[in-house]
Amino acid sequence: MAGARSSLFLAAAALGPAPEGGIAFPWTVPIVRALDGLRFSAPVTFFVGENGSGKSTVLEALAIASDAVALGGHDLAEDPTLSGARVLAGRLVVSRRGRPRTRLFLRAEDVFGYTQRLARELRSLADASSALAGTRAERHIGAQPAPERGRNRAQREAATTHFRGR
């Protein structure tokens, strides 16, 4: 389609040389040892290989090098399971075609961690809100009360009624 904006934001990734003495993970991973670079020319890219071949490590490094936001239990910079991917990402040079509005990274195993993280953050916000209730600080920071439950229930019922009719 002429003039259409490409949905491909990552054009390529080039891997610089392993650091001197690179005999530890991730440099010992088969795909990393063989990788010079990747080119992305289609909206979907499949990584196929044996368990332990490095598919996840490369994908995680691409997410880190692309400044993606993790939807797991930890941020990419803090996730203890991604230390090797962060090392690899430090040697990746990514070429972009544009800037997407959002860059998200979610592994299947992170879904549970994400729900736990949301629950922690919601508890923290509720605790902070309770601590500020009735104080002058509450007025200054623009704290807002939680939405009325009745209004949310009415919205859900209206949506349910609308979609039942279809």
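Up top you'll find the structure we're talking about.
What you see is a predicted model, and the numbers here were worked out from it, not measured in a lab.

**Regarding the overall build of the protein**
In step 1: Scanning the protein from terminus to terminus reveals six helices and five strands.
In step 2: Across the 166 residues of the protein, 25% fall into the buried class.
In step 3: Excluding contacts between residues fewer than 6 apart, the proportion of contacts in the protein whose partners are at least 24 apart in sequence is 73%.
In step 4: Total accessible area on the protein stands at roughly 12200 Å², and carbon and sulfur atoms take up 56% of it.

**Observations concerning unusual backbone geometry**
Generally, phi is negative for residues other than glycine and the peptide bonds are trans, each holding for most cases.
In step 1: Following Phe 25, the chain continues to Pro 26 via a peptide bond in cis, the omega torsion being 10°.
In step 2: The topology assignment puts Pro 26 in the loop between strand S1 (10-15) and helix H1 (30-34).
In step 3: Phi at Asp 67 takes a positive value of approximately 60°, unusual for a residue other than glycine.
In step 4: Mapped onto the elements, Asp 67 comes out in the loop between helix H2 (55-65) and strand S3 (69-70).
In step 5: Given the relative accessible area of 44%, Asp 67 is considered partly exposed.

**What to know about the pattern of salt bridges**
In step 1: Applying the stated rule across the entire model yields one salt bridge.
In step 2: In this structure, Asp 67 and Arg 96 form a salt bridge, with 3.8 Å as the shortest nitrogen-oxygen distance. In this pair, Asp 67 is assigned in the loop between H2 and S3 and Arg 96 in strand S4 (residues 92-96), connecting sequence segments 29 residues apart.
In step 3: Residue Arg 96 is classed as partly exposed on the basis of its relative accessible area, which comes to 33%.

Rules behind the numbers
- Residues numbered from 1 in each chain as written.
- Predicted model: local features only at pLDDT ≥ 70, side-chain atom pairs only at ≥ 80, totals over all residues.
- Heavy atoms only, no water.
- Helix = DSSP H or I, 4+ residues; strand = E, 2+ residues; numbered from the N terminus.
- Buried < 20%, exposed > 50% of the residue type's maximum accessible area, 1.4 Å probe, protein only.
- Contact = heavy atoms within 4.5 Å.
- Areas by Shrake-Rupley, 256 points an atom, 1.4 Å probe, with all protein chains shown as cover.
- Salt bridge = Lys/Arg side-chain N within 4 Å of Asp/Glu carboxyl O.

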